[in-house]
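# Observations on the model geometry
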Amino acid sequence: MGDILLTSALVRALRTRHPDAHIAFLVKSQFAPLVSESPRLSEVIMYHDGDPLLPLAKELRRRRFTHLLDLHGSLRSRALHLLAPGRWRMRISRATRRFEYSRHR
């Protein structure tokens, strides 16, 4: 839950820098109430604990998001990096707790 709340500053900065962007937030369904009323988000995408990742990844690929930001760095989110790639992404390294950035063309 704390990870979700800590993203609010980034979401605010993204919306300020890209006011017309479609910003979607992927979150476990039990944490959706924390972000569902945010005026800075265009959409909240929910998934349930225990749901298989492949259907979610297929949906994310189908929607062709241009940028993916992983601010959690969990095994599940790292799997989504591979299954639903975008142009670039950032994630938190679990080992160092620092942001890692990689550019994909």
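Here the structure is a predicted model, which is why all the values come from computation and not from measurement.

### Focus on the pattern of salt bridges
Following the criterion strictly, the structure yields 4 salt bridges and no others. Here D49 ties to K28 by a salt bridge, and the two come within 3.4 Å at their closest N and O atoms. Of this pair, D49 sits in the loop between β2 (43-47) and α3 (53-63) while K28 sits in strand β1 (residues 24-28); the two residues are 21 residues apart in sequence, bridging distant segments of the chain. For D49, a relative accessible area of 45% translates into the label partly exposed. E43 is paired through a salt bridge with R63; the nearest N and O atoms lie 2.4 Å apart. Here R63 lies in helix α3 and E43 lies in strand β2, a separation of 20 residues in the sequence. The exposure class assigned to E43 is partly exposed, which follows from its relative accessible area of 21%. Salt bridges linked by common partners bring K28, D49 and R76 together as one network.

### Remarks on the side chain of T7
Within the secondary structure layout, T7 lies in the loop between α1 (2-6) and α2 (8-17). Not counting chain neighbours up to four residues away, the residues in contact with T7 comprise F25 and L71.

Calculation criteria
- Each chain carries its own residue numbering, running from 1 in the direction its sequence is written.
- Since the coordinates come from a predicted model, pLDDT governs what is reported: local features require at least 70, and pairs of side-chain atoms require 80 or more to be given and counted, while whole-chain, interface and lining totals use all residues.
- Side-chain measures here rest on the full set of heavy atoms in the structure, leaving out hydrogens and waters.
- Think of a salt bridge as a Lys or Arg side-chain nitrogen and an Asp or Glu carboxyl oxygen that are within 4 Å of each other.
- In this description a helix means any DSSP run of H or I spanning at least four residues, a strand means any run of E spanning at least two, and both kinds are numbered starting from the N terminus.
- Three labels apply to residues, based on accessible area from a 1.4 Å probe with only protein chains included: buried if under 20% of the type maximum, exposed if over 50%, partly exposed otherwise in between.
- Here, residues are in contact when the closest pair of their heavy atoms is within 4.5 Å.

Coordinates in, geometry out; function isn't part of it.
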